[in-house]
Amino acid sequence: MSKELRFLIVDDFSTMRRIVRNLLKESGYADADEAEDGVAALQKLRNSSFDFVVSDINMPNMNGFQLLAEIKKDDKLKHLPVLMVTAEARKEDIVLAAQQGAAGYIVKPFTKATLEDKVNHILTKMGLK
Amino acid sequence: MSEAPTPSSLTTVQVHQQLGALTRQLHDSLNGLGLAEKVKDWAGELPDAKSRLSYIARLTGQAAEKVLNQVDQAKAQHDHIAAETRRIGELIVKDPVAAVAKGHVMNFITDVEQASKKVDDHLTEIMMAQDFHDLTGQVIAKVVTLAATIEEQLVLLLLQTAPADAKVNAPSGQEYVPALAGPVVDGQANQDVVTDQSQVDDLLASLGF
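Residues numbered from 1 in each chain as written. Chains lettered and ligands numbered in written order. Predicted model: local features only at pLDDT ≥ 70, side-chain atom pairs only at ≥ 80, totals over all residues.

Points about the overall build of chain B
The criterion, for reference: Strands are runs of DSSP state E lasting at least 2 residues, helices are runs of H or I lasting at least 4, and numbering of each runs from the N terminus. For the exposure call, what matters is how many other C-beta atoms sit within 10 Å of a residue's own: 20 or more marks it buried, 12 or fewer exposed, and in between partly exposed, using C-beta atoms placed from the backbone.
Broken down by element type, chain B carries six helices and zero strands. The order of α-helices and β-strands along chain B, N terminus first, is α-α-α-α-α-α. Buried positions account for 11% of the 209 residues belonging to chain B.

See below:
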């Protein structure tokens, strides 16, 4: 069941999008799409169906916090788990993400095991795995 | 009317007086333009820029080192597979039945499978090492913004203090607004940041996550 889940990877650096995409694929989640910022992500989320969002925070046009807020106030999207994967390591940012409804928070640089653990933990918690 | 003194004819006292006058003029100009506080900010940010550049050098160095180490190990595994392939090939040519019956072929298959897994792990590590592009890119963007801000303000200062007949309109500079903090370049010096994933997990756990 979880193998069919569709992921959206949001990051302004294509290198990081490719890394996350490959890691998800190695973890058994091969169905993924990418967006370079919050604006592009919202557009894809509203025009297509996704099960999981992995998002950076520091991005142009619309950052990860703004994207998270938009997702959580949209009735059709607010059920989506959003895992923040970011270099922002201030405690206040982590607390803010949690308060805004992020499903998890990973600081860069991270390992394959960390990403896999967090994704699986969130999916298990949501009953999707 | 007395001639302006040439540099060689200036006394030490005169040099000091002129330096004092220049310093006062610069101080007054900065104050007049409301730049004094900005200069203080720059002074505070320049060491930060230095540590950010050091961070870039460190991170790129570590990434290069990691990639080269992983390539060395992957090549060793690859050499092992090549050597074993040659060896099993010779055994099969010599006596195909014995090669299978004695388990050489099966051992070879198991060996190749394990070596391939190790090579795949090394390739994953090489891929992960490329995350330096994202992390250093964010830091470089911050240093570039700082340099651009200082340049803009210095040009503004120059234009404002130039003789009247040399004045041109200053370009409208954009206010430097620090955005998100970006990668932690010196976590030990800042108690407000986390330095690894376990600290993130602890913080989230304390919030009930």
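Remarks on the interface of chain A and chain B
Selection criterion: Contact between residues is assigned whenever the C-beta positions, reconstructed from backbone atoms, fall within 7 Å. Three classes are used: nonpolar for Ala, Val, Leu, Ile, Met, Phe, Trp, Tyr, Cys and Pro, charged for Asp, Glu, Lys and Arg, and polar for all others, with Gly counted as polar.
The partner chain B presents 24 residues to the 25 residues of chain A that form the contact. Looking at the side of chain A that touches chain B, the elements that each hand over two or more residues are helix H1 (14-26), helix H4 (91-100), strand S5 (104-107) and helix H5 (112-125) of chain A. Element by element, the count of residues in the side of chain A that touches chain B is highest for H1 of chain A, at five residues. Taken together, the residues of the side of chain A that touches chain B break down into 14 nonpolar, five polar and six charged.

Here's the deal with the nonpolar core
All names here are of chain A. The condition is simple: Any nonpolar core is a set of buried residues, restricted to Ala, Val, Leu, Ile, Met, Phe, Trp, Tyr and Cys, that join up through C-beta atoms within 7 Å.
By size, the foremost hydrophobic cluster in this structure holds 48 residues, and its most contacted members are Val54 and Met84. Here the element with the most residues in this core is H1; it accounts for five residues. Apart from the residues lying within four places of it in its own chain, the contact partners of Met84 are Ser55, Ile57, Gly64, Ala97, Ala102, Gly104, Tyr105 and Ile106.

What about the pairing of S5 of chain A?
Remember that side chains alternate between the two faces of the sheet whenever the strand is regular. Residue and element names in this part refer to chain A. Rules: Any two strands are treated as partners once DSSP identifies two or more bridges connecting them. Consider the strands pointing away from the viewer: the crossover is right-handed when the path from the first strand over the helix to the second runs clockwise.
Every second residue of S5 is oriented toward a common face, with Gly104 and Ile106 on one face and Tyr105 and Val107 on the other, all of them buried. Pairing geometry for strand S4 (residues 82-86) and S5, over four bridges, is parallel. Among the inter-strand pairings, Thr86 is bridged to a residue of S5, identified as Val107. Since S4 and S5 lie parallel, the crossover through H4 that links them has a hand, and here it is right-handed.

As for the packing of helix H3 (residues 64-72) of chain A against H4 of chain A
Residues and elements named next belong to chain A. Stated formally: The axes are straight lines fitted to the C-alpha atoms, using for helices just the contacting stretch, and the angles between their N-to-C directions are given from 0 to 180°. Angles below 35 degrees are treated as roughly parallel, those above 145 as roughly antiparallel, those between 65 and 115 as roughly perpendicular, and all remaining angles as oblique. Crossings are sorted by hand: turned counterclockwise from the far helix by less than a right angle, the near helix makes the crossing left-handed, and turned clockwise it makes it right-handed.
Closest axis-to-axis distance for the H3/H4 pair is 10 Å, and the angle between their directions is 15°. Put simply, H3 runs roughly parallel to H4. By crossing handedness, the relation of H3 to H4 is classed as left-handed. Contact with H3, carried on its side by Phe65, Leu68, Ala69 and Lys72, involves Leu96, Ala97 and Gln100 of H4 and no other residues of that element.

Thoughts on the sheet that holds S4 of chain A
Residues and elements named next belong to chain A. Pairing is parallel in the open sheet, where five strands are placed in the order S2-S1-S3-S4-S5. What marks the edges here is a single partner per strand, and that holds for strand S2 (32-35) and S5. For this sheet the average axis-to-axis angle between neighbouring strands, irrespective of direction, equals 20°. Where helix H2 (residues 38-47) meets the sheet, it contacts strand S1 (7-10), S2 and strand S3 (52-55), and its direction lies at approximately 165° from that of S1. Sitting on the sheet, H5 touches S4 and S5, and the angle it makes with S5 is about 175°.

Focus: the environment of His16 of chain B
Relative to the elements of secondary structure, His16 of chain B occurs in helix H1 (residues 12-32). Owing to 11 C-beta atoms within 10 Å, His16 of chain B belongs among the exposed residues under this scheme.

Some thoughts on the pairing of S2 of chain A
The pairing of S1 of chain A with S2 of chain A spans four bridges and is parallel. Along S2 of chain A, the bridge assignment pairs Ile9 of chain A with Glu34 of chain A.

Structural notes on H5 of chain A
Spelled out, the test is: Each helix should span, by expectation, one fewer than its residue count multiplied by 1.5 Å. In this description, one arc is meant: the one made by directions from the helix axis to the C-beta atoms.
For H5 of chain A, built from 14 residues, the straight-helix expectation of 20 Å at 1.5 Å per residue is met to within 8% by its first-to-last C-alpha distance of 20 Å. Within the span of H5 of chain A, buried status applies to Thr114, Leu115, Lys118 and Val119 of chain A. When H5 of chain A is viewed along its axis, its buried side chains cluster within an angular range of 120° and face the same direction. Set apart from the buried face of H5 of chain A by more than 90 degrees, the exposed residues are Ala113 and Thr124 of chain A. Where H5 of chain A is buried, its residues touch H1, S4 and S5 of chain A together with helix H6 (197-206) of chain B. Positive backbone phi, approximately 75°, marks Gly127 of chain A, located one or two places after H5 of chain A.

Description of the packing of H2 of chain A against H3 of chain A
The angle between the axes and the distance between the axes are what describe a pair of packed helices. All names here are of chain A. One way to put it is that H2 packs onto H3 with a least axis distance of 9 Å and a crossing angle of 25°. When the axes of H2 and H3 are compared, the pair comes out roughly parallel. Note on packing geometry: the crossing formed by H2 with H3 is right-handed. Contacts from Gly38, Ala41, Leu42 and Leu45 of H2 reach H3 at Gly64, Gln66, Leu67, Glu70 and Ile71. Among the residues forming the contact of H2 with H3, the class breakdown is five nonpolar, three polar and one charged.

Some points on unusual backbone geometry
Residues and elements named next belong to chain A. A cis amide bond links Lys108 with the next residue in sequence, Pro109, at an omega value of -5°. Even without being a glycine, Asn61 presents a positive backbone phi close to 70°. Tracing the chain through its elements places Asn61 in the loop between S3 and H3.

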